[in-house]
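# A structural walkthrough
The lines below spell out each chain.
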Amino acid sequence: MIDVINLSKSYGSLEVLKDITVSIKEGEKVAIIGPSGSGKSTFLRCLNCMEDPTSGSIIFEGVDIADMRVDINIHRRHMGMVFQQFNLFNNKTVIDNIMLAPVHIGLYDLRMKKIKNFFIRIRNVFARNKKPLYEIDTTKSEIKAKARENALRLLKRIGLEDKANVYPSTLSGGQKQRIAIIRALAMNPKVMLFDEPTSALDPEMVGEVLELIKQVAEEGMTMVIVTHEMGFAREVATRVLFMDEGRIVEDDTPEEIFTNPKNPRTKEFLSKVL
(Lines give C-alpha, C1' and ligand atoms only; values in the text may rest on other atoms or scores of the structure.)
Protein backbone atom coordinates (compact mmCIF):
# COMPACT_ATOMS: atom_id res chain seq x y z
CA MET A 1 0.00 0.00 0.00
CA ILE A 2 2.83 2.42 0.91
CA ASP A 3 6.37 2.05 -0.41
CA VAL A 4 8.96 4.46 1.00
CA ILE A 5 12.10 4.59 -1.15
CA ASN A 6 15.34 6.33 -0.13
CA LEU A 7 13.47 8.92 1.95
CA SER A 8 15.53 11.72 3.47
CA LYS A 9 14.47 14.89 5.25
CA SER A 10 16.68 17.78 6.28
CA TYR A 11 16.11 21.13 7.92
CA GLY A 12 19.05 23.17 6.71
CA SER A 13 22.16 21.27 7.78
CA LEU A 14 20.19 19.05 10.21
CA GLU A 15 19.47 15.66 8.63
CA VAL A 16 16.42 14.23 10.43
CA LEU A 17 15.66 11.23 8.18
CA LYS A 18 18.44 9.34 6.43
CA ASP A 19 17.77 7.24 3.33
CA ILE A 20 14.80 5.25 4.67
CA THR A 21 13.37 2.44 2.55
CA VAL A 22 10.41 0.45 3.89
CA SER A 23 7.09 -0.97 2.69
CA ILE A 24 3.76 -1.05 4.52
CA LYS A 25 1.26 -3.61 3.28
CA GLU A 26 -2.51 -3.34 3.34
CA GLY A 27 -3.92 -4.49 6.67
CA GLU A 28 -0.65 -4.17 8.59
CA LYS A 29 -0.50 -2.45 11.96
CA VAL A 30 2.96 -0.90 12.13
CA ALA A 31 4.18 0.58 15.42
CA ILE A 32 7.13 2.95 15.31
CA ILE A 33 9.14 3.18 18.51
CA GLY A 34 12.41 4.79 19.50
CA PRO A 35 13.95 7.57 21.58
CA SER A 36 12.84 11.18 21.36
CA GLY A 37 14.49 12.98 18.46
CA SER A 38 14.95 9.82 16.41
CA GLY A 39 12.74 11.09 13.56
CA LYS A 40 9.58 9.06 14.27
CA SER A 41 7.05 11.90 13.98
CA THR A 42 8.85 13.46 11.01
CA PHE A 43 8.73 10.11 9.22
CA LEU A 44 5.01 9.76 9.93
CA ARG A 45 4.27 13.28 8.69
CA CYS A 46 6.24 12.58 5.52
CA LEU A 47 3.95 9.64 4.76
CA ASN A 48 1.13 12.02 3.84
CA CYS A 49 3.48 14.85 2.83
CA MET A 50 2.59 17.12 5.72
CA GLU A 51 6.35 17.36 5.67
CA ASP A 52 7.83 17.46 2.17
CA PRO A 53 10.72 15.00 1.83
CA THR A 54 14.08 16.47 0.86
CA SER A 55 14.62 13.47 -1.42
CA GLY A 56 13.16 10.06 -2.09
CA SER A 57 9.75 8.70 -3.04
CA ILE A 58 6.55 7.80 -1.19
CA ILE A 59 4.45 5.51 -3.36
CA PHE A 60 0.85 5.35 -2.13
CA GLU A 61 -1.35 3.00 -4.15
CA GLY A 62 0.95 3.30 -7.15
CA VAL A 63 1.36 7.11 -7.09
CA ASP A 64 4.47 8.95 -5.90
CA ILE A 65 2.80 11.49 -3.63
CA ALA A 66 6.18 13.13 -2.94
CA ASP A 67 6.17 14.30 -6.56
CA MET A 68 5.38 18.02 -6.43
CA ARG A 69 3.26 17.67 -9.59
CA VAL A 70 0.78 15.40 -7.79
CA ASP A 71 -2.32 16.92 -6.15
CA ILE A 72 -1.60 15.67 -2.64
CA ASN A 73 -5.04 16.70 -1.33
CA ILE A 74 -6.71 14.03 -3.47
CA HIS A 75 -4.57 11.32 -1.90
CA ARG A 76 -4.85 12.71 1.65
CA ARG A 77 -8.56 11.90 1.48
CA HIS A 78 -7.55 8.27 1.92
CA MET A 79 -5.07 8.84 4.77
CA GLY A 80 -6.52 9.65 8.17
CA MET A 81 -4.24 11.52 10.58
CA VAL A 82 -4.51 11.75 14.37
CA PHE A 83 -2.21 14.16 16.21
CA GLN A 84 -0.87 14.43 19.74
CA GLN A 85 -2.81 17.62 20.49
CA PHE A 86 -6.20 16.61 18.99
CA ASN A 87 -6.31 19.64 16.61
CA LEU A 88 -10.07 20.11 17.00
CA PHE A 89 -11.54 23.50 16.09
CA ASN A 90 -12.64 25.09 19.37
CA ASN A 91 -15.04 27.50 17.60
CA LYS A 92 -17.01 24.60 16.10
CA THR A 93 -19.22 22.04 17.83
CA VAL A 94 -18.16 18.43 18.03
CA ILE A 95 -20.44 17.35 15.19
CA ASP A 96 -19.31 20.26 13.02
CA ASN A 97 -15.68 19.17 13.59
CA ILE A 98 -16.50 15.67 12.39
CA MET A 99 -18.55 16.88 9.41
CA LEU A 100 -16.10 19.55 8.26
CA ALA A 101 -13.85 17.54 5.92
CA PRO A 102 -16.58 15.29 4.41
CA VAL A 103 -18.75 18.32 3.65
CA HIS A 104 -15.84 20.33 2.23
CA ILE A 105 -14.80 17.49 -0.06
CA GLY A 106 -18.40 16.68 -0.96
CA LEU A 107 -19.05 20.27 -2.03
CA TYR A 108 -15.81 20.34 -4.03
CA ASP A 109 -16.83 17.15 -5.80
CA LEU A 110 -20.28 18.64 -6.41
CA ARG A 111 -18.73 21.61 -8.22
CA MET A 112 -16.74 19.21 -10.38
CA LYS A 113 -19.91 17.22 -11.10
CA LYS A 114 -21.73 20.37 -12.19
CA ILE A 115 -18.98 21.06 -14.70
CA LYS A 116 -19.24 17.47 -15.90
CA ASN A 117 -23.03 17.81 -16.14
CA PHE A 118 -22.60 20.87 -18.36
CA PHE A 119 -20.57 18.87 -20.86
CA ILE A 120 -22.96 15.92 -20.61
CA ARG A 121 -25.85 18.19 -21.63
CA ILE A 122 -23.88 19.52 -24.60
CA ARG A 123 -22.93 15.99 -25.64
CA ASN A 124 -26.55 14.83 -25.42
CA VAL A 125 -27.71 17.72 -27.63
CA PHE A 126 -25.20 16.99 -30.37
CA ALA A 127 -25.35 13.20 -30.16
CA ARG A 128 -29.05 12.61 -30.71
CA ASN A 129 -28.56 9.22 -32.35
CA LYS A 130 -26.46 7.87 -29.51
CA LYS A 131 -27.55 6.54 -26.15
CA PRO A 132 -27.85 9.59 -23.85
CA LEU A 133 -25.54 10.00 -20.86
CA TYR A 134 -27.23 10.68 -17.55
CA GLU A 135 -26.35 13.62 -15.35
CA ILE A 136 -25.08 13.11 -11.81
CA ASP A 137 -27.77 14.26 -9.38
CA THR A 138 -26.50 15.36 -5.96
CA THR A 139 -27.41 18.39 -3.84
CA LYS A 140 -25.69 20.37 -1.09
CA SER A 141 -28.38 19.40 1.39
CA GLU A 142 -27.90 15.70 0.61
CA ILE A 143 -24.14 15.99 1.13
CA LYS A 144 -24.60 17.70 4.51
CA ALA A 145 -27.33 15.29 5.61
CA LYS A 146 -25.19 12.27 4.77
CA ALA A 147 -22.18 13.73 6.60
CA ARG A 148 -24.32 14.48 9.65
CA GLU A 149 -25.81 10.98 9.69
CA ASN A 150 -22.35 9.44 9.53
CA ALA A 151 -21.01 11.76 12.25
CA LEU A 152 -23.85 10.81 14.60
CA ARG A 153 -23.24 7.13 13.86
CA LEU A 154 -19.57 7.49 14.78
CA LEU A 155 -20.35 9.46 17.94
CA LYS A 156 -22.78 6.74 19.00
CA ARG A 157 -20.07 4.17 18.41
CA ILE A 158 -17.85 5.78 21.06
CA GLY A 159 -20.74 6.60 23.40
CA LEU A 160 -20.48 10.37 22.95
CA GLU A 161 -23.63 11.11 20.93
CA ASP A 162 -24.77 13.41 23.75
CA LYS A 163 -21.72 15.61 23.06
CA ALA A 164 -22.65 16.33 19.43
CA ASN A 165 -23.60 19.97 20.00
CA VAL A 166 -21.06 20.96 22.64
CA TYR A 167 -17.70 22.64 22.03
CA PRO A 168 -14.36 20.81 22.42
CA SER A 169 -13.31 23.04 25.33
CA THR A 170 -15.92 21.30 27.52
CA LEU A 171 -14.48 17.83 26.92
CA SER A 172 -11.82 15.78 28.68
CA GLY A 173 -8.58 14.98 26.89
CA GLY A 174 -9.64 11.40 26.32
CA GLN A 175 -12.96 12.51 24.82
CA LYS A 176 -11.19 14.99 22.54
CA GLN A 177 -8.81 12.35 21.23
CA ARG A 178 -11.56 9.81 20.60
CA ILE A 179 -13.46 12.46 18.66
CA ALA A 180 -10.28 13.28 16.71
CA ILE A 181 -10.05 9.59 15.79
CA ILE A 182 -13.64 9.31 14.55
CA ARG A 183 -13.20 12.62 12.71
CA ALA A 184 -10.45 10.90 10.73
CA LEU A 185 -12.61 7.78 10.29
CA ALA A 186 -15.45 9.94 8.89
CA MET A 187 -13.40 10.23 5.68
CA ASN A 188 -13.42 6.42 5.24
CA PRO A 189 -9.61 6.33 4.96
CA LYS A 190 -7.62 3.39 3.65
CA VAL A 191 -4.84 3.95 6.18
CA MET A 192 -4.70 5.68 9.57
CA LEU A 193 -1.61 7.52 10.82
CA PHE A 194 -1.30 8.13 14.58
CA ASP A 195 1.33 10.49 15.97
CA GLU A 196 1.73 9.58 19.66
CA PRO A 197 -2.05 9.73 20.22
CA THR A 198 -1.84 9.30 24.00
CA SER A 199 1.18 11.46 24.85
CA ALA A 200 -0.91 14.52 25.77
CA LEU A 201 -3.35 12.57 27.96
CA ASP A 202 -3.52 12.01 31.68
CA PRO A 203 -2.71 8.37 32.49
CA GLU A 204 -6.31 7.58 33.47
CA MET A 205 -7.52 8.64 30.00
CA VAL A 206 -5.00 6.63 27.98
CA GLY A 207 -6.91 3.35 28.18
CA GLU A 208 -10.11 4.58 26.54
CA VAL A 209 -8.19 5.97 23.56
CA LEU A 210 -6.05 2.86 23.12
CA GLU A 211 -9.16 0.69 23.29
CA LEU A 212 -10.74 2.63 20.40
CA ILE A 213 -7.55 2.32 18.33
CA LYS A 214 -7.50 -1.39 19.10
CA GLN A 215 -11.10 -1.74 17.89
CA VAL A 216 -10.26 0.03 14.63
CA ALA A 217 -7.24 -2.23 14.20
CA GLU A 218 -9.36 -5.35 14.71
CA GLU A 219 -11.66 -4.18 11.91
CA GLY A 220 -8.74 -4.52 9.47
CA MET A 221 -7.63 -0.90 9.10
CA THR A 222 -4.07 -0.38 7.90
CA MET A 223 -2.28 1.63 10.60
CA VAL A 224 1.02 3.33 11.28
CA ILE A 225 1.37 4.38 14.92
CA VAL A 226 4.16 6.35 16.54
CA THR A 227 3.88 5.42 20.20
CA HIS A 228 5.63 5.28 23.55
CA GLU A 229 3.11 2.68 24.78
CA MET A 230 5.24 -0.46 24.55
CA GLY A 231 2.53 -2.78 25.87
CA PHE A 232 0.08 -1.49 23.27
CA ALA A 233 2.64 -1.85 20.48
CA ARG A 234 3.33 -5.42 21.55
CA GLU A 235 -0.36 -6.35 21.70
CA VAL A 236 -1.78 -4.61 18.63
CA ALA A 237 1.05 -4.20 16.10
CA THR A 238 1.83 -6.79 13.44
CA ARG A 239 5.25 -5.14 12.86
CA VAL A 240 7.45 -2.88 14.94
CA LEU A 241 9.99 -0.45 13.51
CA PHE A 242 12.68 0.82 15.85
CA MET A 243 14.13 4.17 14.81
CA ASP A 244 17.30 5.84 15.98
CA GLU A 245 19.13 8.89 14.62
CA GLY A 246 16.89 9.16 11.56
CA ARG A 247 17.13 5.55 10.46
CA ILE A 248 15.08 2.38 10.86
CA VAL A 249 17.61 0.18 12.59
CA GLU A 250 15.34 -2.80 13.29
CA ASP A 251 12.13 -4.04 11.63
CA ASP A 252 10.51 -7.20 12.93
CA THR A 253 7.50 -8.75 14.61
CA PRO A 254 6.56 -7.50 18.09
CA GLU A 255 7.58 -10.84 19.55
CA GLU A 256 11.08 -10.65 18.09
CA ILE A 257 11.58 -6.95 18.85
CA PHE A 258 10.52 -7.20 22.48
CA THR A 259 11.93 -10.61 23.40
CA ASN A 260 14.89 -11.03 21.07
CA PRO A 261 16.05 -7.67 19.65
CA LYS A 262 19.04 -7.98 17.34
CA ASN A 263 20.38 -4.42 17.20
CA PRO A 264 22.42 -3.23 20.21
CA ARG A 265 20.66 0.15 20.16
CA THR A 266 17.25 -1.55 20.27
CA LYS A 267 18.40 -3.65 23.23
CA GLU A 268 19.66 -0.58 25.05
CA PHE A 269 16.43 1.37 24.46
CA LEU A 270 14.13 -1.44 25.54
CA SER A 271 16.19 -2.14 28.65
CA LYS A 272 15.36 1.40 29.80
CA VAL A 273 11.64 1.49 28.96
CA LEU A 274 10.44 -2.01 29.79
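Look up a bit, the structure's there.
Residues numbered from 1 in each chain as written. Predicted model: local features only at pLDDT ≥ 70, side-chain atom pairs only at ≥ 80, totals over all residues. Heavy atoms only, no water.

## A word on the state of the cysteines
Under the definition given, this model contains 0 disulfides. We note that Cys 46 lacks a disulfide partner, and the nearest cysteine sulfur, in Cys 49, lies 7.2 Å from it. The buried category is assigned to Cys 46, whose relative accessible area is 0%. You can call Cys 49 buried: its relative accessible area is 6%. (Disulfide = S-S within 2.5 Å. Buried < 20%, exposed > 50% of the residue type's maximum accessible area, 1.4 Å probe, protein only.)

## Quick notes on helix H9 (residues 264-273)
For H9, the set of buried residues is Thr 266, Phe 269 and Leu 270. End-on, the buried residues of H9 take up no more than an arc of 95°, which puts them together on one face. Opposite the buried face of H9, at more than 90 degrees from it, the exposed residues are Pro 264, Ser 271 and Lys 272. Elements in contact with the buried residues of H9: strand S3 (29-33), helix H7 (230-236), strand S9 (239-244), strand S10 (247-252) and helix H8 (254-259). The N-cap of H9, judged by a side-chain oxygen 2.8 Å from the amide nitrogen of Arg 265 a few residues on, is Asn 263. (Helix = DSSP H or I, 4+ residues; strand = E, 2+ residues; numbered from the N terminus. Arc of directions from axis to C-beta. Contact = heavy atoms within 4.5 Å. Polar contact = N/O pair within 3.5 Å; in protein donor to acceptor, adjacent residues only side chain to side chain.)

## A closer look at the side chain of Glu 250
If you trace the backbone, Glu 250 turns up in strand S10. Buried charge without a salt bridge: Glu 250, with Lys 262 as the nearest opposite-charge side chain at an N-O distance of 5.2 Å. Ignoring any residue separated from it by four or fewer positions in sequence, one finds Glu 250 in contact with Val 240, Leu 241, Phe 242, Ile 257, Pro 261, Lys 262, Asn 263 and Thr 266. (Lys, Arg positive; Asp, Glu negative; His and termini not counted. Salt bridge = Lys/Arg side-chain N within 4 Å of Asp/Glu carboxyl O.)

## Examining the packing of helix H5 (residues 173-185) against helix H6 (residues 203-218)
One way to put it is that H5 packs onto H6 with a least axis distance of 8 Å and a crossing angle of 20°. Classified by the interaxial angle, the pair formed by H5 and H6 is roughly parallel. Between H5 and H6 the crossing geometry is right-handed. Here H5 contributes Gly 173, Gly 174, Gln 175, Gln 177, Arg 178, Ile 181, Ile 182 and Leu 185 to the contact with H6, which in turn contributes Met 205, Glu 208, Val 209, Leu 212, Ile 213 and Val 216. A breakdown of the residues in the contact of H5 with H6 according to their chemical character gives 8 nonpolar, 4 polar and 2 charged. (Axes fitted to C-alpha atoms, helices over the stretch in contact; angles between N-to-C directions. Parallel < 35°, antiparallel > 145°, perpendicular 65-115°, else oblique. Left-handed = near helix turned anticlockwise from the far one by under 90°. Nonpolar A, V, L, I, M, F, W, Y, C, P; charged D, E, K, R; others polar.)

## Quick notes on the sheet that holds S10
Reading across from one edge, S6-S7-S8-S3-S9-S10 is the order of the 6 strands in this open sheet, with mixed pairing throughout. Bordering the open sheet on either side are strand S6 (79-82) and S10, each of which pairs with just one other strand. Between one strand axis and the next, the sheet turns by 15° as a mean value, whatever way the strands run. The sheet strands contacting H9 are S3, S9 and S10, and the helix crosses S9 at an angle near 95°. (Pairing = 2+ DSSP bridges.)

## What to know about the nonpolar core
Among the nonpolar cores identified, the biggest contains 39 residues, and Ile 179, Ile 181, Met 192 and Met 223 are the most heavily contacted of them. Taken together, the elements giving at least two residues each to this core come down to helix H3 (94-126), helix H4 (140-157), H5, strand S7 (191-195), H6, strand S8 (222-226) and H7. In terms of residue count, the dominant contributor to this core is H6 (8 residues). Aside from chain neighbours lying at most four places away, what touches Met 192 is Gly 80, Val 82, Ile 181, Ala 184, Leu 185, Met 221, Thr 222, Met 223 and Val 224. One finds Ile 24, Ile 65, Ile 72 and Met 81 within the second-largest nonpolar core, a separate group that totals 29 residues. (Core = buried A, V, L, I, M, F, W, Y, C linked by side-chain atoms within 4.5 Å.)

## Comments concerning the pattern of salt bridges
A complete count under the given rule lists 14 salt bridges for this structure. Taking the shortest distance from any N to any O, the salt bridge between Arg 178 and Glu 208 comes out at 3.6 Å. One end of the pair, Arg 178, is in helix H5; the other, Glu 208, is in helix H6, with 30 residues separating them in the sequence. Among the ionic contacts, a cluster of salt bridges with common partners joins Asp 244, Arg 265, Glu 268 and Lys 272.

## Some details on the pairing of S6
The two faces of S6 match: Met 79 and Met 81 on one face and Gly 80 and Val 82 on the other face are all buried. Relative to S7, S6 runs parallel, the two being bridged by 4 bridges. For Gly 80, the partnering residue across the bridge sits in S7 and is Met 192.

## Topic: the sheet that holds strand S2 (residues 14-24)
Strand pairing in a sheet takes place through backbone hydrogen bonds and is either antiparallel or parallel in direction. With antiparallel pairing, the 4 strands of this open sheet are ordered in space as S2-S1-S4-S5. Because the sheet does not close on itself, it has two edges, and the strands there are S2 and strand S5 (63-64). Two elements, strand S4 (residues 55-60) and S5, share 2 bridges in a ladder whose sense is antiparallel. Looking at S5, one finds that Phe 60 is bridged to Val 63. The strands touched by helix H1 (residues 40-47) are strand S1 (2-11), S2 and S4; relative to S1, the strand with the most contacts, the crossing angle is about 125°.

These figures capture arrangement, not role.
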